[in-house]
Amino acid sequence: MKLEPKILLLAALLVAPAGASGYTARDASCAAEDMQLFYYYLSPVQDAKVKNRATSCHPGKTSLQLPAWLERALPEMTARKVWKDPEEGEISEAVVWQTPVSILYEATARLAAADPMADSAGFNDMRIRFIMSVERVTKAGLETSFGGRGGPMLATLDAATRGFDGLTGALAKDDRKAFDAGAASLLRSSRDLFAQLFAEPRKGAGKKPAARYAPEARVLPGYRGVSLPVPASQAMFLNRGERVDMLVSFDALTGTDTREKVTATILQNVIVTGVQKSAGPGQPGVVQLLCNPNEAQYAALSLAQGSSITLIRRAPGDTELRPMEIASFRRLIK
């Protein structure tokens, strides 16, 4: 995913009219200011204006200082490669986080402009890129990033995604009130994301970790929703948004021209986009998986050739891909 951030003059946005309800142009311009500064915070080098930035958007403060803990963490975040992109090559932890932040800047700056509802195509494009960028943060395993703030920040990005859902859904219906409500939600999430840089990592009740990232499963352009029948016992314990591995058992031809039953892990770390529980005793359930086109082919082949398909639920936050050998009883009892 390649994104060139658009850095605009926020002063020009202050003259934009307020939304009919839910947010004002100043709310949007302040959220854009936060996202712009957040983006620069993650750059390899910050100049003095970034480290000490004048602001009128934070009550009681005339300037914002780059958090000391973040300044100390930056060299490692900019050096540590956590993702490999076909176009961009190896990408650092800092850049992986910069991408959703820069898209939030685009969106919040646009919300401060005159007649934001005129840019339906732009908001739909931002939404898709944003969801994909957040998914990349998740797959890169960055819940412990930002000194333990990564998990709560991912949850905030998920809330921002719902804001995108609300405003793009409203655009399809030409519903200004719903658009403003979605926009207000997106702005609150953006400002909350920035605020977490200046606070201790969030904890839940009883000093437990704050709520983990649990995104709503969505079928995005370039992906496929693959529906598979599974035993009722599997569908019963699966929920939308969870991640699973797919195991397939089949008869394999061995070197001695005999067949033996084996089980192979065909897919790893795929998202469940829907679950239809069993309608009655002895009847299967149906699970839909979010697959890229290649994965979709193997899922279909497994359904046609395999004797059984088993979906194994992953622990929350576990996105690691592991090499797996094919399991067989012959190999087990050697």
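As the structure is a computational prediction, the values presented were derived from the model and not from experiment.

## Topic: the state of the cysteines
Next up, step 1: Applying the stated criterion across every chain, the model contains 1 disulfide.
Next up, step 2: Here Cys-30 pairs with Cys-57 through a disulfide, and the sulfurs are 2.1 Å apart. Judged by the sign of its S-S torsion, about -80°, the bond between Cys-30 and Cys-57 is left-handed. Of this pair, Cys-30 sits in helix 1 (residues 25–41) while Cys-57 sits in the loop between strand 1 (52–54) and strand 2 (63–65); the two residues are 27 residues apart in sequence, bridging distant segments of the chain. The exposure classification of Cys-30 matches that of Cys-57, with both residues buried.

## Points about the confidence of the model for the protein
Next up, step 1: Taken as a whole, the protein shows an average pLDDT of 85; of its residues, 87% reach a score of 70 or greater.
Next up, step 2: At the low end of the mean pLDDT range in the protein sits helix 11 (residues 329–332), at 76; at the high end sits helix 4 (residues 93–111), at 96.

## Considering a nonpolar patch on the surface
Next up, step 1: There is a patch of nonpolar side chains on the surface, built from Ile-266, Tyr-298 and Leu-301 and spanning about 270 Å² of accessible area.
Next up, step 2: Structurally, Tyr-298 is set in helix 10 (residues 293–305).

## Section: the pattern of salt bridges
Next up, step 1: Counted under the stated rule, the structure contains 18 salt bridges.
Next up, step 2: Between Arg-202 and Asp-192 there is a salt bridge, and its shortest N-O distance comes to 2.3 Å. In this pair, Arg-202 is assigned in the loop between helix 8 (176–195) and strand 5 (224–230) and Asp-192 in helix 8, connecting sequence segments 10 residues apart.
Next up, step 3: Look at the salt bridges and you will find they share partners, linking Asp-85, Glu-88 and Arg-136 into a network.

Basis of the calculations
The residue numbers shown here count from 1 along each chain, following its written sequence. The predicted origin of the model limits local features to residues at a pLDDT of at least 70 and limits the giving and counting of side-chain atom pairs to 80 or more, whereas totals for whole chains, interfaces and linings rest on all residues. For side-chain calculations, the full set of non-hydrogen atoms in the structure is used, while hydrogens and water are omitted. Any two cysteine sulfur atoms within 2.5 Å of one another count as a disulfide. A run of H or I in DSSP counts as a helix once it spans at least four residues, and a run of E counts as a strand once it spans at least two, with each numbered from the N terminus. Buried means the residue's accessible area, taken with a 1.4 Å probe over protein chains only, is under 20% of the maximum for its type, while exposed means over 50%, and partly exposed covers the values in between. One number per residue, pLDDT, summarises how confident the predictor is, and it ranges from 0 to 100. Each patch is assembled from residues with relative accessible area greater than 30% and no salt bridge, linking like charges that lie within 9 Å and nonpolar side chains (Val, Leu, Ile, Met, Phe, Trp, Tyr) that lie within 5 Å. Computed by Shrake-Rupley with a 1.4 Å probe, the accessible areas treat only the displayed protein chains as cover when residues are assessed. Between Lys or Arg on one side and Asp or Glu on the other, a salt bridge is scored when a side-chain nitrogen of the former is within 4 Å of a carboxyl oxygen of the latter.

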